[in-house]
Amino acid sequence: MTKNMATVKGSKINAVSSWNSEIVGKFARKDKVMLSEKKCSCKYFDYIKIPCGHAMIAVDGLGVPYDTLCGDWYKTSVWRETYAGFISPKSDLRDVNILERVSSMIMYPPNTKRQVVRDHKTRIPFTGEIWVMAPKKKVVANRCGRYRG
Ligand SMILES: [Zn+2]
């Protein structure tokens, strides 16, 4: 709300009636505020239900606190009421009545596709893994790339 108020600093109020106002802002932009319906032509107040700067300027002369313009869902009293209901803990599973045909069923793990087993020669060993593998046979002797020696 503080940011919203800063955006309309220096605006002028043209009161149409006690609950309807026209706010003339910078660059002669006009916004209509309907406080009784909690609406403004800028649509911020309509959608967010937090008073826009226009609504806050309009309400300044009426002595109405800003927080009364906020939507009910922002109020802690509404939050408390939401969670005031009784939340029962989960009962013990042994106390739950399970149908005979369900409890007599034997459950097996799901059929899954067997993973492809890689050949040990092509598998990349993970870090720290030591494989006892036959040393590679050298087909070509080492040779210097520059001098061919
Ligand atoms: Zn507005």
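Quick note: structure is the one above.
(A) Representation of the overall build of the protein within the structure. Within the protein one finds five helices and four strands. Each helix (α) and strand (β) of the protein, taken in turn from the N terminus, gives the series α-β-β-β-β-α-α-α-α. Long-range contacts, defined here as pairs at least 24 residues apart, represent 31% of the contacts in the protein between residues at least 6 apart. Roughly 13600 Å² of accessible area belongs to the protein as shown, and the carbon and sulfur atoms make up 59% of that amount.

(B) Representation of the coordination of the zinc ion. Coordination of the zinc ion by the protein comes from C40 (SG), C42 (SG), C52 (SG) and H54 (ND1), over a distance range of 2.1 to 2.2 Å. Each donor residue of the zinc ion lies on one chain, and together they are spaced C-x1-C-x9-C-x1-H. Separated by twelve residues along the polypeptide, C40 in strand β4 (residues 39-40) and C52 in the loop between α2 (44-48) and α3 (53-60) bring together distant segments of the chain. As far as the burial class goes, C40 and C52 line up, both buried.

(C) Main features of the environment of N14. Position of N14 relative to the elements: it lies in strand β1 (residues 12-15). By relative accessible area, which is 35% here, N14 ends up partly exposed. Sequence separation between N14 and K32 is 18 residues, and the spatial gap between their C-alpha atoms is 9.4 Å. Excluding anything up to four places from it in sequence, N14 contacts S21, E22 and V24.

Cut-offs and rules
Residues numbered from 1 in each chain as written. Predicted model: local features only at pLDDT ≥ 70, side-chain atom pairs only at ≥ 80, totals over all residues. Heavy atoms only, no water. Helix = DSSP H or I, 4+ residues; strand = E, 2+ residues; numbered from the N terminus. Contact = heavy atoms within 4.5 Å. Areas by Shrake-Rupley, 256 points an atom, 1.4 Å probe, with all protein chains shown as cover. Donors = N, O, S within 2.8 Å, 3.2 Å for Na, K, Ca; no water. Buried < 20%, exposed > 50% of the residue type's maximum accessible area, 1.4 Å probe, protein only.

Take it as geometry only, folks, not as evidence of what the structure does.
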